[in-house]
Amino acid sequence: MSQDTSAQVLFEAAREAMSFAHAPYSKFPVGAAIRAEDGKIYKGANIENLSFPQGWCAEPSAISAMIMGGAKKITEIAVIAEKLALCPPCGGCRQKIAEFASADTKIYLCDEVGVQKVMTMDELLPFSFKTELP
Ligand code: THU
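The following refers to the structure shown. (Residues numbered from 1 in each chain as written. Predicted model: local features only at pLDDT ≥ 70, side-chain atom pairs only at ≥ 80, totals over all residues. Heavy atoms only, no water.)

**Overview of the pairing of strand 2 (residues 41-45)**
Stated formally: A strand pair is defined by DSSP finding two or more bridges across the two strands. Each helix corresponds to a stretch of at least 4 residues labelled H or I by DSSP, and each strand to a stretch of at least 2 residues labelled E; elements are numbered beginning at the N terminus.
By the bridge criterion, 5 bridges tie strand 1 (residues 30-36) to strand 2 in an arrangement that is antiparallel. Pairing of Ala32 across the sheet is with Gly44, part of strand 2. The antiparallel hairpin formed by strand 1 and strand 2 contains 4 residues in its connecting segment, where Gly39 sits at a positive phi of about 85°.

Structural data, given as structure tokens:
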């Protein structure tokens, strides 16, 4: 798939993040990279635990890096898994991404070569939970 430079850069960041995954139990490394409203890239990987439910996904790792970097808004996010051609974020991650996204935030689903599918937040999590807050 032909892609713009910004998507390619984010893909490469997600692939690099994946190399930091701690996934000895599932052996399923995942990487995520966020470009935030400040223009910076924030990376994360899945981090598992011997007590299995205590582990967490790559996307919240990247969100945590973004928040601690002082940014609040995801403009683009790339996700990659070593063992899946495309790794659509799990349900919980969709809700976590949505917290800091807008309807047109782009989600790049990547394989080892590059971005293979582009979706918007609205497509990834349609009819989502919303209130007047905050
Ligand atoms: N995983 C992610 O990091 N992101 C997702 O959206 C789906 C699943 C991780 C969790 C676990 O460490 C491994 O993939 C296998 O489920």
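**Here's the deal with unusual backbone geometry**
Leaving glycine aside, a negative phi is the common case for residues, and trans is the common case for peptide bonds. Definition in use: Working definition: with a 1.4 Å probe on protein chains only, accessible area under 20% of the residue-type maximum means buried, over 50% means exposed, and in between means partly exposed.
If you check the backbone angles, Lys27 has positive phi at about 50° while not being a glycine. Tracing the chain through its elements places Lys27 in the loop between helix 1 (5-18) and strand 1. Taking the relative accessible area as the measure of exposure, Lys27 reaches 51% and is therefore exposed. In this model, Phe127 sits at a positive phi of 50°, which is unusual for a non-glycine residue.

**Let's talk about the state of the cysteines**
What counts here: The rule for a disulfide is simple: a pair of cysteine sulfur atoms within 2.5 Å.
All told, the structure shown has 0 disulfides when counted by the stated rule. The closest cysteine sulfur to the non-disulfide-bonded Cys57 is located on Cys93, 3.7 Å from its own sulfur. We classify Cys57 as partly exposed; its relative accessible area is 30%. With no disulfide partner, Cys93 has as its closest neighbouring cysteine sulfur the one in Cys90, 3.6 Å distant.

**Quick look at the sheet that holds strand 5 (residues 115-120)**
Worth spelling out the cut-off: Between N-to-C directions, angles span 0 to 180 degrees; the directions come from axes that are lines fitted to C-alpha atoms, helices contributing only their stretch in contact. We call two residues in contact whenever any of their non-hydrogen atoms come within 4.5 Å of each other.
Read from one edge to the other, the open sheet built from 5 strands follows the order 2-1-3-4-5, with strand pairing classed as mixed. Across the chains shown, the open sheet's two edge strands, defined by having one partner strand only, are strand 2 and strand 5. Between one strand and the next, the sheet's axes are offset by a mean angle of 20°, whatever the strand orientation. Inspection of the sheet shows strand 1 paired to strand 3 (residues 74-81) by 7 bridges, in the antiparallel sense. Along strand 3, the bridge assignment pairs Gly31 with Ile80. Its contacts with the sheet place helix 2 (residues 58-68) against strand 1, strand 2 and strand 3, and it is angled at close to 145° to strand 2.

**Describing the site of the ligand**
So the rule is basically this: We call a residue near a given molecule or strand whenever any one of its heavy atoms falls within 4 Å of it. Polar contact criterion, stated in full: a pair of N or O atoms within 3.5 Å, where within protein one must be able to donate a hydrogen and the other to accept it, and residues adjacent in sequence count only if both atoms are side-chain atoms. A 1.4 Å probe and the Shrake-Rupley method give the accessible areas. Residues count as covered only by the protein chains that appear here.
Contacts to the ligand come from Ser26, Phe28, Val30, Asn46, Glu48, Cys57, Ala58, Glu59, Pro89, Cys90 and Cys93. In this structure, Asn46 approaches the ligand through a side-chain N or O atom, which is 2.9 Å from an oxygen atom. At a separation of 2.8 Å, an oxygen atom of the ligand approaches a polar side-chain atom of Glu59. Burial of the ligand by the protein amounts to 76% of the accessible area it has alone, namely 370 Å².

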